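This is what each chain is made of:
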Amino acid sequence: MKRKLPIIFLIMTVCLSACGNTNSLKQYDTAGISYIAYSDIDTVCDSHELTFAGEKLLSSMEEQLLLSFVVDSSIQITEELGEYDHLILTNPQWVERFGDPEKLTPVDYNSLSNRMQEFLNAQMPVMTADGSVLPDGVGLYQYEPGKLLAFPVNVTLGAAEPIEAKKPLIILVDQPAQTLDAHSCMLPLTSSGNVLFEDGDKLQRAFETSALKDYGTVHQKL
């Protein structure tokens, strides 16, 4: 069973046909990338002990963690997006591997539309560990020119295709495992394939010694 992402988001079918879909990852370097396939993510997130174990696991993998979540693949925010084609939650490691950090340009929060500010004010406190909108280590950027590879929900399950965003608004999180809430954000995103790992062997070792080992498996090929 797959947990809703994040808790306050309403999962819905979003058409991405006009958003730069790519039918494969062959043009990108995905060697060594692994992910966790959960058999029961709801039990993990509903248990304080298991959630803590998940938080500990993700923290131990912070340096190998790749985060990419197309927010508008789980909730309709067309009007909020305005000039942007997608809202993407990601981290520097993802951009370094699948894009170009030089194409990131800071965006002033006050320059966003009122609708987008209202959206972030409502959603980000649910996702962040300290309940703030933009905690330390989190910034807003736009990515251009060019395209940035990004994952909607459930790409690793085969239920969606990766996209190449043309002008996304980026929520860049320096240390997702430390900054984003494990229960409401990171563990659900891990279960939907939006949190990946560069070192599959290290992930396998960490998972086998974790309390989560009975609730999923590590897949060492994307």
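Preceding this paragraph is the structure being described.
Within each chain, residues carry numbers counting from 1 in the order of the written sequence. Only residues with pLDDT of at least 70 get local features here, since the model is predicted, and only at 80 or more are side-chain atom pairs given and counted; chain-wide, interface and lining totals rely on the full set of residues. To obtain the side-chain values, all non-hydrogen atoms of the structure were included, while hydrogens and water were left out.

Student: So what exactly am I meant to see when it comes to the sheet that holds strand β4 (residues 104-106) here?
Tutor: Within a sheet, neighbouring strands are paired by backbone hydrogen bonds and run either parallel or antiparallel to one another. For two strands to pair, DSSP has to find at least two bridges joining them. Here a strand is any run of E in DSSP of at least two residues, a helix any run of H or I of at least four, and the numbering for each starts at the N terminus. Within the open sheet, the six strands sit side by side as β4-β5-β8-β3-β2-β9. Their pairing is mixed. Two strands close off the open sheet at either side, each with one partner strand: β4 and β9 (195-197). Averaged over neighbouring strand pairs, the angle between their axes works out to 30° when direction is ignored. Alignment of strand β2 (residues 65-70) against β9, held across three bridges, turns out to be antiparallel. The residue bridging L66 from the neighbouring strand is L196, located in β9. Contacts are assigned to residue pairs with any non-hydrogen atoms lying within 4.5 Å of each other. Helix axes are fitted to C-alpha atoms over the stretch in contact, other axes to C-alpha atoms as well, and angles between N-to-C directions run from 0 to 180 degrees. The strands touched by helix α7 (residues 182-191) within the sheet are β2, β3 (87-90) and β9, with β9 carrying the most contacts at an inclination of about 65°.

Student: Hey, could you run me through helix α8 (residues 200-208) in this one?
Tutor: Think of an α-helix as 3.6 residues a turn; residues three or four steps apart then line up on the same face. Remark: exposure states derive from per-residue accessible area (1.4 Å probe, protein chains only) relative to the maximum for the residue type, with buried under 20%, exposed over 50%, and partly exposed in between. Turning to α8, its buried residues are G200, L203, A206 and F207. Relative to the axis of α8, the buried residues are bounded by an arc of 125° and lie together on one face. Each element contacted by the buried residues of α8 is listed here: β1 (35-38), α2 (48-60), β9 and β10 (216-219). Residue D199 occupies the N-cap position of α8, its side-chain oxygen lying 3.3 Å from the main-chain nitrogen of D201. This arc describes the spread of directions from the helix axis toward the C-beta atoms. The term polar contact refers here to a pair of N or O atoms within 3.5 Å; inside protein, the definition further demands a hydrogen-donor-capable atom paired with an acceptor-capable atom, and it admits residues adjacent in sequence only when both atoms are side-chain atoms.

Student: Sorry, what's going on with the pairing of β3 here?
Tutor: With burial as the criterion, each face of β3 is covered, one bearing L87 and L89 and the other bearing I88 and T90. The sheet contact formed by β2 and β3 spans three bridges and is antiparallel. Note on β3: the bridge partner recorded for S68 is T90. Pairing between β3 and strand β8 (residues 169-173): four bridges, direction parallel. Among the inter-strand pairings, L89 is bridged to a residue of β8, identified as I171.

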